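What follows is the residue order along each chain.
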Amino acid sequence: RNIPHCAGAEGTGGRGPKGKVEGSREATRKEVVTTMIVRNIPHCAVVEDMMVALESTGMSGHCDFYYFPTTRKRPTSSGFMFLNFTSPAFAAQFAEQIKFYRFSKAPTARLRATPAPVQGKEANEVVSMQADAGLRPQVR
């Protein structure tokens, strides 16, 4: 997988979550999709950069949970993040809009949002709290 790098930033090989988390609910085609995973986030991006990206879609007021895993040494992106929206329609609209967003530090980065393996704010809170203490989610 090729995660974009920012000019002047060293990549850390950002890897997404591996495998299932015990007790998590996997998304199915029949399940209501409100949680999206955003991929291809440049390594130099920080959570504030992604909040600007979210705001650009007009969906920030409809997002009630986000989890932005960072690298261990710096508060920069691991290449992905999770966002939960208050309705499936807002999640779908976000997925359509985010692909047009470009970072000024990494203009070739093309963000992609797809349904996350775990769906719903409560389920994602449980799963993300199993992460290292320094990587805990932000909940609105």
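Summarised in this report is the structure supplied together with it. Bear in mind that the values here come from a model prediction, so they are computed numbers and not experimental data.

## With respect to helix H1 (residues 47-56)
Phase 1: Buried within H1 are the following residues: Asp49, Met50, Met51, Ala53 and Leu54.
Phase 2: Among the structural elements, strand E1 (35-39), strand E2 (63-67), strand E3 (80-85) and helix H2 (88-98) are those in contact with the buried residues of H1.
Phase 3: Just downstream of H1, Gly58 is the residue with a positive phi angle, here 80 degrees.

## Describing the side chain of Asp49
Phase 1: Within the secondary structure, Asp49 is located in helix H1.
Phase 2: Excluding anything up to four places from it in sequence, Asp49 contacts Cys44, Tyr101, Phe103 and Lys105.

## Digging into unusual backbone geometry
Phase 1: A positive phi angle, near 70 degrees, is found at Asn40, a position not held by glycine.
Phase 2: Positionally, Asn40 belongs in the loop between E1 and H1.
Phase 3: Among the residues examined, Asn40 registers a relative accessible area of 18% and is labelled buried.

Criteria and cut-off values
Residues numbered from 1 in each chain as written. Predicted model: local features only at pLDDT ≥ 70, side-chain atom pairs only at ≥ 80, totals over all residues. Heavy atoms only, no water. Buried < 20%, exposed > 50% of the residue type's maximum accessible area, 1.4 Å probe, protein only. Helix = DSSP H or I, 4+ residues; strand = E, 2+ residues; numbered from the N terminus. Contact = heavy atoms within 4.5 Å.

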